[in-house]
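Analysis of the macromolecular model
Residue strings, one per chain:
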Amino acid sequence: MSEVVRICLVGATGLVGTTLIREAVDRADVRIVGVTRREVTLPPGARMEMLLAEPSGWPDAIAEAKARVLVCALGTTWRKSGQDEMAFRAVDLDLVLNAGRSAREAGINHMIVVSSVGADPGSRNRYLRVKGEMEHGLAKLGFKRLDILRPGLIRGRRAERRRAERLGMWLSPIADLMLHGGYRKYRSISVRSLAKAILILTKEKAGGRFVHEYDSLRRVIRRSGG
């Protein structure tokens, strides 16, 4: 029987987090412990723990998870942050880095984080600049292995209505066909594929910092026959 990997998941209420929980149903090789601020409706058959705490209590909750891997799917939007840059940075930068520090203090040596294609601390784009700063900050925390996922548009059904994203998902099959060469990294990916890649990466033990864009994510998935 393969080793059971305990995963501490922060960002359990968003699209990626909820999909990851669904993909782990009926899998005996992983056990998810979610850390969240509010209750989450779990899918039938889910075998997992959910630790409720305000962000100030996350260090203790992350330590209590006794996980081998931290998966961070935290993220907000410019609209949800009230178009306030400090509020946006508080989630996509500060909260992610605090989760990473808490994981290291708890002895977790492997972190998987969902970032964004084009992340760059020198970008003029506010969103991509913050994501780049987040990646740079995590790289300094001393994880034995750090997997940075940089998906393009993530296709999936969201609880909130985002008109631009709905249009993007409708057009993405056509747009993806036109993205070749260095532009392939901007191709869209389904949230289920992203969740599958995350679960596969939790089993990796080689050390280092790994950045996964579209083609790398597809290779990870193919390794499992997906």
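Predicted model, so just to flag it, every value in this text is computed and none were measured.

Calculation criteria
- Residues numbered from 1 in each chain as written.
- Predicted model: local features only at pLDDT ≥ 70, side-chain atom pairs only at ≥ 80, totals over all residues.
- Heavy atoms only, no water.
- Core = buried A, V, L, I, M, F, W, Y, C linked by side-chain atoms within 4.5 Å.
- Buried < 20%, exposed > 50% of the residue type's maximum accessible area, 1.4 Å probe, protein only.
- Helix = DSSP H or I, 4+ residues; strand = E, 2+ residues; numbered from the N terminus.
- Contact = heavy atoms within 4.5 Å.
- Pairing = 2+ DSSP bridges.
- Axes fitted to C-alpha atoms, helices over the stretch in contact; angles between N-to-C directions.
- Right-handed = clockwise from strand over helix to strand, strands pointing away.
- Salt bridge = Lys/Arg side-chain N within 4 Å of Asp/Glu carboxyl O.

1. Some words on the nonpolar core
Counting 31 residues, the largest nonpolar core has V16, L20, I32, V71 and I198 as the members making the most contacts within it. Broken down by secondary-structure element, the contributors of at least two residues to this core are β1 (5-10), α1 (15-23), β2 (30-36), β4 (69-72), β5 (110-114), α6 (191-201) and α7 (214-223). With eight residues, α6 is the single largest residue contributor to this core. With sequence-adjacent residues up to four places away left out, I32 is seen in contact with I7, L9, L20, I21, A24, M48 and E49. With 30 residues, the next largest nonpolar core counts A53, A65, L93 and L95 among its residues.

2. Details of the sheet that holds β2
Strand order across the open sheet formed by seven strands is β3-β2-β1-β4-β5-β6-β9, with parallel pairing between neighbours. The strands lining the two open edges of the sheet, one partner per strand, are β3 (48-52) and β9 (208-212). Here the average twist between neighbouring strands, direction ignored, is 15°. For β5 and strand β6 (residues 145-149), the ladder comprises five bridges, and the chain directions are parallel. Across the sheet, M111 pairs through a bridge with L146, a residue of β6. Here helix α3 (residues 85-105) sits on the sheet and contacts β1, β4 and β5; the angle it forms with β4, its principal contact strand, is near 175°.

3. Side note on the pairing of β2
Most of β2 is tucked away: six of the seven residues are buried. Running through α1, the crossover from β1 to the neighbouring parallel element β2 is right-handed. Of the strand pairs in this sheet, β2 and β3 are connected by five bridges, and their pairing is parallel. Directly across from I32, in β3, lies its bridge partner M48.

4. Observations concerning the pattern of salt bridges
Inspection of the entire model under this criterion finds 12 salt bridges. Between K131 and D92 there is a salt bridge whose closest N-O contact spans 3.0 Å. One end of the pair, K131, is in helix α4 (residues 126-139); the other, D92, is in helix α3, and 39 residues separate them in sequence. Like K131, the residue D92 is buried in the burial classification. Salt bridges sharing partners connect three or more residues here, namely E3, R68 and K205.

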